[in-house]
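Residue-level listing of the chains:
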Amino acid sequence: MSVAKVLGIETEYGIAGGPDADQIVASSIIVNAYAQEGRTRINWDFEGETPDMDARGLPDLTSFAPIVETHLANTVLTNGARLYVDHAHPEYSSPECRTPLEATLYDAAGEEVMRRALMVANQMIETYQAISLYKNNSDGKGNSYGTHENYLVSRDVEFTHVVRAMVPHFVSRQIIVGAGKVGAETEAGLESDPFFQLSSRAEFFEEVVGLETTLKRPIINTRDEPHADAERFRRLHVIIGDANMSQVATFVKLGSTALLLAVLEDSGLGAFPAMPRHPVGAVRGFALDPTLKCAVLCEDDRERTAWDFQDELWRLAHDHVEQHGGDAVASPEEIQLVLTQWREMLDGVRDDPESVADRIDWVAKLRVIRGFQERHSLSNGDARLQAIDLQYHDLRPERSLAQRVGLRVMHGDDAVREAVHNPPGSTRAYFRGQCVARYPGEIVAANWDSVVFDLGEGPLQRVPMLDPLRGTRLLTEELLETSATAQALLQALDR
Amino acid sequence: MTEQERIQKQRTERASQAAPEVTVDATKGDQLKADLDDLLDEIDEVLEENAEEFVRNYVQKGGE
């Protein structure tokens, strides 16, 4: 029986600039800048500003102490997200969401949080130190950082079945949700010397299953840290995705994966396509072939292209929805949108890539790279082509190419601005975000499954939230509205 | 004009209380530059002046 597919995305952003070009310092400045913004009127001032972060109407920042804090910052936002420094990157972990469309909104909100942080931070430091941020996954020199999806899965499903069901999807979905990359950067990738790859991450994967995320990266990560009742739930931590600039790609990535997990929970392994004999070879081979012709041998002795896998998986999801619905994932209307977009992107990428250049990142990127190369008669190795790749993911509005290539938008600026501040109402992120907004002085810590209060006297008080579907607006709004103080809230919760 | 997709989501208690409307805004898609040249003109303008240095200096520590 499928459980509600609570889901979200964590993104480590690439970062350049800052004092002494130290990425840990720069990341701390970004996170601290946003944390300060959130606690001052400046935050409020941003609301009426143009979303493209025009330099006009900048808030007065003279009230800031000249901070260059180097301790690793870690904050919880009023929208329920976590913003912190992870290794040497600023990371935004979205709040838990109830549907793919909602999670897409909160992923876009993360970009906006980073843009605002960037703007505030760059007002605090010297121009020559200016920081820039990139929503991408590698530096082109063999260093990769992650965009991880998380899905709530029933503990009843055996993990070996998760592996068997999901590997075909994870090796093949890049043909519609890959972010694309010029060239290669790992030993294995450089051997093939490609001009372009569908996925920036594919060449970094070396194992089928494993616990690692930084070395020997596995297609299926076994981290078993549900951030919820471990008797009932798993959290599938998916580390193989690319960071998407296209909202439709994010939506289809989340929607297709959530639907296939629901199929597995409801109907078991039976109808899933066979695994490739060599999944690592498959994910790398598919990435290297923009013509989509590459086929791999599978455990049922059939050969499949990435497109074949996706076609089979789409039919599996489609048929399942016809028979069982998709309540675990989203409303019927939203499920239909997942299925129609998934299908259109799949057919488009094979038959008429231009028709999906407004949705598929790698197609949009390759289109401008090829065009630019022809216009200026550049060789394959020209640095300007790599610069286009990098600037595709650039968050600076004046440099961003993703903002210029005509990608479809699912959530407009108003919705994104709203989601920067307010949590989704559909999960426990609502309670977390609301507590942070209402009682900031009394909260000493918050994480995915609890909020800890310090009322000034007596022991710290921890409010556990082990069920991601409790703490919703429906369940807690009245309680929060009628609790003027943290003390009143805790007393009411005790009753 | 190409397609217009707009599916009004009915309010249900079951899912997505915070997602009032399910939409793919095709207007942005319509703006997909029919003329690639216009887009390339724009890229000529915003591309980092010293691409080689820009690319070379972008070195990250691994993450995750």
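Quick summary incoming for the structure in this document. (Residues numbered from 1 in each chain as written. Chains lettered and ligands numbered in written order. Predicted model: local features only at pLDDT ≥ 70, side-chain atom pairs only at ≥ 80, totals over all residues. Heavy atoms only, no water.)

## Some points on the pattern of salt bridges
Residue and element names in this part refer to chain A. Heads up, the rule is: Salt bridges are defined by distance alone: a side-chain nitrogen of Lys or Arg within 4 Å of a carboxyl oxygen of Asp or Glu. Only DSSP runs of H or I with at least four residues qualify as helices, and only runs of E with at least two residues qualify as strands; both kinds are numbered from the N terminus onward. Each residue is placed in one exposure class: buried if its accessible area under a 1.4 Å probe, protein chains only, is under 20% of its type's maximum, exposed if it is over 50%, and partly exposed if it falls in between.
For the coordinates displayed, the defined rule picks out 40 salt bridges over all chains. When the shortest N-O distance is used, the salt bridge between Arg115 and Glu112 registers 3.2 Å. Residue Arg115 and its partner Glu112 are both found in helix H3 (residues 100-124); the two are separated by three residues, about one turn of the helix. Assigned by exposure class, Arg115 and Glu112 land together as buried. Between Asp467 and Arg232 there is a salt bridge; the shortest N-O distance is 3.7 Å. Placement of Asp467 in the loop between strand S17 (461-464) and helix H15 (473-481) and of Arg232 in the loop between strand S11 (217-221) and strand S12 (233-241) is noted, with a sequence separation of 235 residues between them. Accessibility expressed as a relative area gives 18% for Asp467, which makes it buried.

## Some thoughts on empty space enclosed by the protein
Residue and element names in this part refer to chain A. Definition in use: Buriedness for pockets is judged along seven lines, at least five of which must meet protein on both sides within 12 Å for an open set on the 1 Å grid over protein atoms alone, while cavities are sets there where a 1.4 Å probe fits but cannot get out, and lining residues have an atom within 4 Å of a point. Grid points are joined across faces, edges and corners, and a volume is the space filled by probe spheres set on the points. Residues are sorted three ways: Asp, Glu, Lys and Arg are charged, Ala, Val, Leu, Ile, Met, Phe, Trp, Tyr, Cys and Pro are nonpolar, and all the rest, Gly among them, are polar.
This model, assessed by the stated rule, comprises three cavities of 30 Å³ or more. One number sums up the size of the largest cavity: a volume of about 100 Å³. Forming the boundary of the largest cavity are 13 residues, of which Gln174, Ser199, Ile240, Gly241 and Asp242 lie nearest the centre. Contributions of two or more residues to the lining of the largest cavity are made by helix H5 (174-177) and S12. A per-class count over the lining of the largest cavity returns five nonpolar, five polar and three charged.

## Structural notes on the packing of aromatic side chains
Formally: In this analysis, rings of Phe, Tyr and Trp, with Trp reduced to its six-membered ring, are considered paired at centre separations within 6.5 Å, and the interplanar angle assigns stacked below 30 degrees, edge-to-face beyond 60, and tilted for intermediate values.
Using the criterion set out here, one finds four aromatic pairs over all chains in the structure. Ring plane angle 50° and centroid distance 6.4 Å describe the contact between A:Tyr134 and B:Phe54, whose orientation is recorded as tilted. Of this pair, A:Tyr134 sits in strand S6 (residues 132-134) while B:Phe54 sits in helix H3 (residues 51-57), on two different chains. We note that A:Tyr134, like B:Phe54, is buried. An angle of 45° between the planes, with centres 6.5 Å apart, marks the rings of A:Phe196 and A:Trp362 as tilted. Here A:Phe196 is found in strand S9 (residues 196-197), whereas its partner A:Trp362 is found in helix H11 (residues 361-376), with 166 residues between them in sequence. Like A:Phe196, the residue A:Trp362 is buried in the burial classification. Three or more aromatic residues joined by ring pairs make a cluster, and in this case those are A:Tyr134, B:Phe54 and B:Tyr58.

## Brief notes about helix H9 (residues 306-324) of chain A
All names here are of chain A. For clarity, the threshold we go by: One less than the number of residues in a helix, times 1.5 Å, gives the span that helix is expected to have.
Taking 1.5 Å per residue, 19 residues should reach 27 Å; H9 reaches 27 Å between its end C-alpha atoms and fits that length. Of the positions making up H9, those classed as buried are Ala306, Trp307, Phe309, Gln310, Asp311, Leu313, Trp314, Leu316, Ala317, His320 and Val321. Trailing H9 by a residue or two, Gly325 shows a phi angle of about 75°, which is positive.

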